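Tertiary structure, described
Each chain, letter by letter, is given below.
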Amino acid sequence: MVKLRCGQHSCCTVGLHLISCALLMQGCISVKSCSEASTKPITHVVELGTTTQSHHSHQHHKPVRYRILSIDAGGIRGVVPLVILLRLLQQYPQLIEQTDLIAGSSTGGIIAILLAYGVSVKEILEFYEDNGSAIFSQKLLHKLVSVDGWAKTRYSNKILAKLLQKGLGTTRLRDLKKRVLVPAFQLDNKNPDPNKRSWGPKFFHNFPNTQNGDELAYKVALRSSAAVPYFPSVDGYVDASLAGISDMSLLALSQSQDSDAIKHPPALDQVAVLSLGLGEYMKYIAAKDIDPGMISWIEPLLEILADGPPDVAQYQCRQLIGDNYHRIDFALPADRSLPIDDPSKIPQLEQIARVLDISPTLKWLARTWKPSAQTSTSPAAP
């Protein structure tokens, strides 16, 4: 499997561009011309064992009023941000408590909803460790019939559904203790107007202005994590990678500016975003001129949808909020296979997360994640 790099935009990221344009039009920030803008590449994945920060340098920082925790998609690699969070909590125990919005896609959506429900990071990590093998298991007959994911989805979601329903019960989004933003891709909006009937991304959240408040939390988690081609759709939804959404940073930042959801939205320079990646492989297409057919492009396109847009979201967030944006991500070792559906790799993934240098993140938290009297993390607050 291969993917295109170098920060190239694709049509699936149009929505992200529109969001950043809307934020810019609010007049909250100034934009540099092309000649003034940073010449740093859009892709900011760094060597194993390091973290990434904004390339902006601000002499003065306004007090942060709104804090966002964003967690990427990535299957069983979800153990990586969980181990990182455990390490951060050892030094900064109020991290989750002081977070105003938790955003996540697919496996990040599961983590976001469980955190908002009140499950501890340690308990969520144990959930992955104890149940990963059962969730990503294949019966021989299913493996044969599915042709290992080519004819049908690779796995059943029955075990994951049962586990999430047992853990979350009849809890609805409005009942969660924290604000959440979790995407899925709706295959058919069933609009009676044929000119408006279509597929498209759907964003589930529990802000006051939403009709999603009555949605069962476990169902939203299932919809968001119905990753193509691994799991079947749920209620007509699959995971949002089909819309190029795996990093929720920019979308969460946009949500913080919604005056219908937040009575007094913070200025952009009063928002802080901590974005947790799950690691990625550095892939590319070496040929200068290629002429592949659709069959050859199927797997690369899925990779591009998952890996390309996050680079764009990271670049845009850095331009929008500068040093108030901080991301932890890293290149996975090229000599090791760490698939997103292989629970046997959990110990290796956890070890990678344990040796990452989080000292820049701790310094960033000490400077940025400071509580203020104007901030309320209560779901009941506007």
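Treat the numbers as computed from the prediction; the structure is a model and nothing was measured.

**As for the nonpolar core**
Of all hydrophobic cores here, the largest spans 68 residues; its most connected members are Leu 69, Leu 95, Leu 115, Tyr 128 and Leu 274. With eight residues, the single largest contributor to this core is helix H2 (residues 79–91). Judged by nonpolar contacts, the second largest core, of 26 residues, contains Leu 253, Leu 268, Val 271 and Tyr 325.

**What to know about the pairing of strand S4 (residues 179–186)**
Taking burial as the measure, the eight residues of S4 include seven buried ones, the bulk of the element. Summarising the sheet, strand S3 (residues 101–104) and S4 pair through three bridges and their orientation is parallel. When the bridges of S4 are listed, Ile 102 appears paired with Val 180. Sheet topology places S4 next to strand S5 (residues 200–205); six bridges connect them, and they run antiparallel. Bridge pairing in S5 links Gln 186 to Gly 200. Bridge analysis of S4 against strand S6 (residues 237–238) gives two bridges, and the strand direction is antiparallel. Its bridge partner lying in S6, Phe 185 is registered against Val 238.

**With respect to unusual backbone geometry**
Peptide bonds are trans in most cases, and residues, glycine excluded, mostly fall at negative phi. Between Val 228 and Pro 229 the backbone carries a cis peptide bond, its omega angle lying at 5°. You can see Pro 229 is positioned in the loop between helix H7 (217–224) and S6. Despite not being glycine, Ser 106 shows a phi value in the positive range, around 60°. Phi is positive for Lys 190, which is not a glycine, with a value near 55°. With respect to the helices and strands, the residue Lys 190 is situated in the loop between S4 and S5.

**Quick notes on the packing of H2 against helix H10 (residues 346–355)**
At a minimum axis separation of 8 Å, H2 and H10 run at an interaxial angle of 40°. In terms of axis orientation, H2 runs oblique to H10. Here H2 and H10 pass one another in a crossing that is right-handed. Contact with H2, carried on its side by Val 79, Val 80, Val 83, Ile 84 and Arg 87, involves Ile 346, Leu 349, Glu 350, Ala 353, Arg 354 and Val 355 of H10 and no other residues of that element. Its residues assigned to classes, the contact of H2 with H10 comprises eight nonpolar, no polar and three charged.

**Focus on the packing of helix H3 (residues 107–117) against helix H6 (residues 158–168)**
Following both chains from N to C, one finds H3 and H6 inclined at 20°, their axes separated by 11 Å at the closest point. The pairing of H3 with H6 is recorded here as roughly parallel in orientation. Crossing of H3 against H6: the hand is left-handed. Of H6, the residues touching H3 (which contributes Ile 110, Ile 113, Leu 114 and Tyr 117) are Leu 160, Leu 164, Gly 167 and Leu 168.

**Looking at the environment of Gly 74**
Position of Gly 74 among the secondary structure elements: in the loop between strand S2 (66–71) and H2. In sequence terms Gly 74 and Thr 107 are 33 residues apart; their C-alpha atoms lie 6.0 Å from each other. Those residues in contact with Gly 74, other than ones at most four positions away along the chain, are Thr 107, Leu 278 and Ile 340.

**What to know about helix H11 (residues 359–368)**
Within H11 the residues assigned to the buried category are Pro 360, Thr 361, Trp 364, Leu 365 and Thr 368. The buried residues of H11 occupy one face: seen down the axis, they fall within an arc of 135°.

**A few points about the side chain of Asp 247**
If you trace the backbone, Asp 247 turns up in the loop between S6 and helix H8 (249–255). A distance of 2.7 Å separates the side chain of Asp 247 from the side chain of Ser 249, its partner in a polar contact. A polar atom in the side chain of Asp 247 sits 3.4 Å from the side chain of Arg 327.

**Thoughts on the side chain of Asn 206**
Of note, Asn 206 is situated in the loop between S5 and H7. A polar contact is formed between the side chain of Asn 206 and the backbone oxygen of Lys 178, at a distance of 2.9 Å. Discounting residues that sit within four places of it in the chain, Asn 206 has contacts with Leu 173, Arg 174, Leu 176, Lys 178, Arg 179 and Val 180.

**Re the packing of aromatic side chains**
Summed over the entire model, instances satisfying the criterion amount to six aromatic pairs. Each ring, one from Phe 204 and one from Tyr 237, has its centre 5.5 Å from the other, and the planes form 65°; the classification is edge-to-face. Taken together, the residues Phe 204 in strand S5 and Tyr 237 in strand S6 connect sequence positions 33 residues apart. Using a relative accessible area of 1% as the deciding quantity, one classes Phe 204 as buried.

**With respect to the confidence of the model for the protein chain**
With 69% of its residues at a pLDDT of 70 or more, the protein chain has an overall mean of 80. Low confidence marks residues 53–59, where pLDDT is under 50. Its contacts with residues over four positions away, or in another chain, come to 19 contacts. In this model, residues 373–378 is a region of pLDDT below 50 whose contacts with residues beyond four sequence positions or in other chains number 15 contacts.

**Describing H2**
A rise of 1.5 Å per residue sets the reference length of H2, with its 13 residues, at 18 Å; its end C-alpha atoms lie 19 Å apart and thus fit the reference within 8%. Counting buried positions along H2 gives 10 out of 13 residues, so the element sits mostly inside the fold. Of the positions making up H2, those classed as buried are Val 79, Val 80, Pro 81, Leu 82, Val 83, Ile 84, Leu 85, Arg 87, Leu 88 and Leu 89.

Rules and cut-offs
- Counting of residues starts from 1 at the beginning of each chain's written sequence and follows it residue by residue.
- In keeping with the model being predicted, local features are shown solely for residues with a pLDDT of at least 70 and side-chain atom pairs are shown and tallied solely at 80 or more, while totals for entire chains, interfaces and linings include all residues.
- Excluding hydrogens and water, the side-chain figures rest on all heavy atoms present in the structure.
- Residues belong to a common nonpolar core when they are buried Ala, Val, Leu, Ile, Met, Phe, Trp, Tyr or Cys residues joined through side-chain atoms within 4.5 Å.
- Exposure classes here rest on a 1.4 Å probe applied to the protein chains alone. A residue is buried below 20% of its type maximum, exposed above 50%, and partly exposed in between.
- A run of H or I in DSSP becomes a helix once it reaches four residues, and a run of E becomes a strand once it reaches two; helices and strands are each numbered from the N terminus.
- Note: two strands are recorded as paired if DSSP finds a minimum of 2 bridges between them.
- Axis lines are fitted to C-alpha atoms, over the contacting stretch for helices. Their N-to-C directions set the angle, which ranges from 0 to 180 degrees.
- Here the angle decides the label: under 35 degrees means roughly parallel, over 145 means roughly antiparallel, 65 to 115 means roughly perpendicular, and every other value means oblique.
- Handedness of a crossing follows from how the near helix is turned relative to the far one, being left-handed for an anticlockwise turn of less than a right angle and right-handed for a clockwise one.
- Here, residues are in contact when the closest pair of their heavy atoms is within 4.5 Å.
- Under the scheme applied here, ten amino acids are nonpolar (Ala, Val, Leu, Ile, Met, Phe, Trp, Tyr, Cys and Pro), four are charged (Asp, Glu, Lys and Arg), and all others, including Gly, are polar.
- Regarding the arc, it is the one traced by the directions from the helix axis to the C-beta atoms.
- Two N or O atoms count as a polar contact when they lie within 3.5 Å, although within protein this holds only if one can serve as hydrogen donor and the other as acceptor, and sequence-adjacent residues are included solely when both atoms are side-chain atoms.
- Here a Phe, Tyr or Trp ring, Trp counted by its six-membered ring, pairs with any other such ring whose centre lies within 6.5 Å, and the pair is stacked when the planes are under 30 degrees apart, edge-to-face when over 60, and tilted otherwise.
- You can read pLDDT as the predictor saying how much it trusts each residue, on a scale of 0 to 100.
- To estimate the expected span of a helix, subtract one from its residue number and multiply by 1.5 Å.

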